[in-house]
Amino acid sequence: MQTPQRLLGMKDHGPGSARVMVQAGQNLTNFLSTYGYLSVDVPVLESTELFLRKSGGELASRMYTFVDPGGHQVSIRPEFTSSIIRAYLEQIDTGSLSYRWQYRGPVVRYEPDLLNSQRQYTQIGAELIGVAGPWADAEVIALASKGLSSLGVKGHSLVIGSLGLIGALLGSFGLSERAKLFLLSNVPLLKDANFGKEDIYQRATQLGFLTSGYQEDMDPYVANQDAKVLLDKLDGSDISVTGNRSVGEIRERYLRKQTQIQDSNSFGDALEMLTIVANIQGAPSEVLNKTRKLISSNAGKEEIDYISQVIDALSNYELDVPITVDFGLVRGIAYYTGVVFEINHPAIFGTPSIVGGGRYDGLIQALGGEDSTSAIGFAWALDRVVEVLLGSNEQNLFKDARDLVLVRAKESSAYGAAVKEAERLRAEGKIVESQISFTSLDESLKYAVDRGIQQVISVGAKGEAEESNVEKQ
Amino acid sequence: MLKSSKEVLRLAVPSDGEMYDPTTRFLAECGLNLERGNSRQYMAGITSIDGGLALFQRVADITGKVEEGSVDIGIVGFDRFEESHVEDGEGIVIIPDLEYSKCELVMAVQESWIDVSNMADIADLAVEFRERGRDLRVATKYPSIVRRFLFSHSINYFNIVHSSGTLEVAPAMGFADIIADIASTGVTLRENHLKTIDDGTILRSQACLIGNRKLLSGNPEKLEATRRIVERVEGYLEARGFFQVTANIPGESAQQVATAVRERSMLSGLEGPTVAQVYGDDGGDWYAVTVVVPRSSHQEVLDYFRSIGGTGISVIQPRYIYTGESKPYKRLLQAL
């Protein structure tokens, strides 16, 4: 019979990398605790609806979704934040001003391109719920960076963007939500000056944001007259003719479409503007000065001032990493509303970076909470952090410093005495492995060398213990 | 009747629906008759393939059987293959175009939805439905293909209503908003007051030959039997596009007749005309010319042969045509 294979995009961790994974994870959890972030845990499986509610649907195509035996449509979590906010809303305690929560666990995403990504990875993250403003943003960004430094990671860099600014600028064009989402999700392409814009124009035309020739040729007056006749005929029709839509709905959307076609100019303008802004990046003071001169709207200026306050607040944390402001940074998940940030490391190629986060003030309301609740969070991609650590050639990274001892029975009647001896040594703080099956002293010593065990103790039936030094062999 | 020889290759063929008759006919045309004892038997021998066994399977199951390896190769609609084959699975397409059971998988909505004409409208509608607290429901027999298609059009908010019955009535009965269904002519859609979406053709399908990569690459006997089937199918499909025309043409020499014939490039045939002397009673110089030409040039060839004095012209349909090597078999070896 054929051996079942590991699934594509899934990874096994052997004792070496798993040790680093567990220990690095524990250290990061402890690190967050020192800032008052309490551990919470949420289910691996949630209703699909939860993740769709505000992810802009972008995650929908990458979720592991199925109908459970009870007939519910469920998904394995592709991220934690939605679950955390759901949990927050379910157990909200009116007395509290703010929440500092942290979590750790696996998430899965069906990544189509497996070159630079896995389909399951472990996230450790923190959410600061109920506080707005630059000081909250600075705390969370600082945590993300300092946590890595606390593990001994060197060479990472911090990139900060602002969906607040992008949103304020897009807001002036009067675009539909769908058009705005489309533009946002395509910002990464705009940063590639060579092919980006053309490609987006083509996609936008396909998706109907830009006028195609066919629609231009249509005489709106004639079209409207034809439509009027048709719609009048339909008036009073039942479901068998118009399906689950009323004639009113059809009429309304038809007329809206006529006006939307004339609006496709503003879509083009928005795309032009976004191309310029998306390509602004560099040292914070430089970028902020440059952008301030470019932007005329008050809403835009306010956002730039805000980012500058976040950068100032951040300076108090004395981060030892280079900081870049990049207005072309939009994170994949559409629920972000304000500051967004990522941490990159040269040892890791491609996306996602090793840390990502941002402010998501709209999500709580989208999940049924109060309008005014603000929140910001981030997550470390633990697998990538471990990759960086393992790449920094520290063979003994997080290795347990305690002595390793192998306890063996000299004869089969001595197993009881050997177990007692092993327990005594463990109580002394040693790591003790018991030899369960009978082996000769030579075999035991050979095994000890292989496993890196320093000491072999042979125990007789009366409890007499005899130590053999492994080094001498 | 089953042959007594050792079973070498298992070929799944559709047992039901619209593909049963065309498939058995197609195989017979290829010289691969299925020798079924009676219509209740679900196995049959395959003429000219020693150890070949045909298994009649439900059309919807064939891709799965090939993927899991309980059959080696199979004939199935490309639509069914696309729907059921798994990422990095063992199923591969050996010949994608068997030229029958052609159809399209299309998106359709109520004719009365005059505001909806392309996929952009569907995307917009999905968002609008969601804002009203409803989900856009899509009825289809092809949930995987349709899901991928919608995602590729940035449509993320929808519900698939999996239905195997008559889909055309779903919108009128109210259990779906739009449908994605097979249309070979479009008549059924129109009769049910549905219209297709401009850029909503999801897939063009026809019968194809598929196989299990692992089983074929790991067993020379299976591969050899597959090669024979592939060659038969290829030869038959190739031959359908051509006629073989023979005519008696007067001339001074074989060379002169050949030159006259070659003046028309379409008459060069696959390699060039074959010219042979005819030994008739009247002692005149007659030559028999044989060319293989595309079906479409039937009349043109006839007219030209007459214009250079040709007579006794016969046109026959070759049963199989082969070139130096089998292209689909070469492609199969590359895929393995």
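Residues numbered from 1 in each chain as written. Chains lettered and ligands numbered in written order. Predicted model: local features only at pLDDT ≥ 70, side-chain atom pairs only at ≥ 80, totals over all residues. Heavy atoms only, no water.

Peer 1: What exactly am I supposed to notice about the domain arrangement of chain B here?
Peer 2: Frequently, the measure chosen for interface size is the accessible area that the parts lose on association. As far as domains go, chain B holds domain 1 (9–101 + 206–239), domain 2 (103–204) and domain 3 (242–316). Using only C-alpha atoms to locate each centre, domain 2 of chain B and domain 3 of chain B end up separated by 55 Å. (Domains from an automatic or database assignment.)

Peer 1: Is there a simple way to explain the sheet that holds strand 10 (residues 178–183) of chain B in this structure?
Peer 2: The strands that make up a sheet pair up through hydrogen bonds in the backbone, lying either parallel or antiparallel. Residues and elements named next belong to chain B. If you walk across this open sheet you meet the five strands as 9-8-10-7-11, and the pairing is mixed. With one partner strand each, in any of the chains shown, strand 9 (158–162) and strand 11 (194–205) form the two edges of the open sheet. Each neighbouring strand pair of the sheet contributes to a mean axis angle of 25°, computed without reference to strand direction. Pairing of strand 8 (residues 136–140) with strand 9, which is carried by five bridges, proceeds in the parallel orientation. Within the sheet, the bridge partner assigned to threonine 140 lies in strand 9 and is histidine 162. (Pairing = 2+ DSSP bridges. Helix = DSSP H or I, 4+ residues; strand = E, 2+ residues; numbered from the N terminus. Axes fitted to C-alpha atoms, helices over the stretch in contact; angles between N-to-C directions.)

Peer 1: Honestly, the environment of Gly89(B) in this entry has me stumped. Any pointers?
Peer 2: Residues and elements named next belong to chain B. Considering the arrangement of structural elements, one finds glycine 89 in the loop between helix 3 (78–84) and strand 6 (91–95). Under the relative-accessibility criterion, glycine 89 is labelled buried at 10%. Each C-alpha atom of the pair glycine 89 and glutamate 67 lies 6.3 Å from the other, and the pair is 22 residues apart in sequence. Among residues more than four places away in sequence, those in contact with glycine 89 are Glu67 and Arg213. (Buried < 20%, exposed > 50% of the residue type's maximum accessible area, 1.4 Å probe, protein only. Contact = heavy atoms within 4.5 Å.)

Peer 1: Sorry if this is basic, but what is going on with a nonpolar patch on the surface here?
Peer 2: A surface patch of nonpolar side chains, about 250 Å² in accessible area, is lined by Val44(A), Leu45(A) and Phe66(A). On the secondary structure map, Leu45(A) appears in strand 2 (residues 45–47). (Patch = residues over 30% accessible without salt bridge, like charges linked within 9 Å, V, L, I, M, F, W, Y side chains within 5 Å. Areas by Shrake-Rupley, 256 points an atom, 1.4 Å probe, with all protein chains shown as cover. Salt bridge = Lys/Arg side-chain N within 4 Å of Asp/Glu carboxyl O.)

Peer 1: Any chance you could explain the sheet that holds strand 3 (residues 64–67) of chain A here in plain terms?
Peer 2: Residues and elements named next belong to chain A. Taken together, the three strands give an open sheet; going across it, the order is 2-4-3, and neighbouring strands pair in antiparallel fashion. On the outer flanks of this sheet lie strand 2 and strand 3, each paired with one strand and no other. Strand after strand, the sheet turns through a mean of 35° between neighbouring axes, direction not considered. The sheet contact formed by strand 2 and strand 4 (residues 73–76) spans three bridges and is antiparallel. Each bridged residue has a counterpart across the sheet, and for leucine 45 the counterpart in strand 4 is isoleucine 76.

Peer 1: Which parts of the structure should I look at to understand the packing of helix 14 (residues 284–294) of chain A against helix 15 (residues 298–315) of chain A?
Peer 2: Between two packed helices, what matters for the description is the angle formed by their axes and the separation of those axes. Residue and element names in this part refer to chain A. The contact between helix 14 and helix 15 brings their axes to 10 Å, and the two run at 170°. It follows from the interaxial angle that helix 14 and helix 15 lie roughly antiparallel. Facing helix 14, whose interface residues are Pro284, Leu288, Thr291 and Arg292, helix 15 presents Lys301, Ile304, Asp305, Ile307, Ser308 and Ile311. Looking at the contact of helix 14 with helix 15 residue by residue, the class counts come to five nonpolar, two polar and three charged. (Parallel < 35°, antiparallel > 145°, perpendicular 65-115°, else oblique. Nonpolar A, V, L, I, M, F, W, Y, C, P; charged D, E, K, R; others polar.)

Peer 1: Please explain the pattern of salt bridges as it appears in this structure.
Peer 2: Pairing between side chains of opposite charge can happen when their charged atoms approach one another. Scanning all chains against the criterion turns up 35 salt bridges over all chains. One salt bridge in this structure joins Glu7(B) and Arg10(B), with 2.8 Å as the shortest N-O distance. A relative accessible area of 26% means that Arg10(B) is categorised as partly exposed. Across the pair Arg227(B) and Glu231(B) runs a salt bridge whose closest N-O atoms are separated by 3.2 Å. In this pair, Arg227(B) and Glu231(B) both sit in helix 9 (residues 220–239), four residues apart, roughly one turn of the helix. Sharing partners across several salt bridges, the network here consists of Arg245(A), Arg253(A), Asp115(B), Asp121(B) and Asp124(B).

Peer 1: For this particular structure, what's the right way to read the confidence of the model for chain B?
Peer 2: It should be kept in mind that the predicted coordinates are not to be read in detail where pLDDT is low. Averaged over all residues, the pLDDT of chain B is 87; the fraction at 70 or higher stands at 96%. With pTM at 0.75, the complex prediction returns an ipTM value of 0.70. (pLDDT = per-residue confidence, 0-100.)

Peer 1: Would you mind showing me how to read helix 5 (residues 143–152) of chain B here?
Peer 2: Given 3.6 residues to a turn, an α-helix orients residues that are three or four positions apart in the same direction. Residue and element names in this part refer to chain B. All of the buried residues in helix 5 are Pro143, Ile145, Val146, Phe149 and Leu150. The buried residues of helix 5 all sit within an arc of 165° when viewed along its axis, so they share a single face. Of the residues one or two after helix 5, serine 154 is the one with positive phi, at around 60°. (Arc of directions from axis to C-beta.)

Peer 1: Would you mind going over the state of the cysteines with me for this structure?
Peer 2: Where two cysteines share a covalent bond between their sulfur atoms, that bond is called a disulfide. Residues and elements named next belong to chain B. Taken as a whole and assessed by the stated rule, the structure comprises zero disulfides over all chains. Here cysteine 30 is not cross-linked by a disulfide; its sulfur's nearest cysteine counterpart is in cysteine 208, at 14 Å. Here cysteine 103 is not disulfide-linked; the sulfur of cysteine 208 is the nearest cysteine sulfur, at 11 Å. Using a relative accessible area of 13% as the deciding quantity, one classes cysteine 103 as buried. (Disulfide = S-S within 2.5 Å.)

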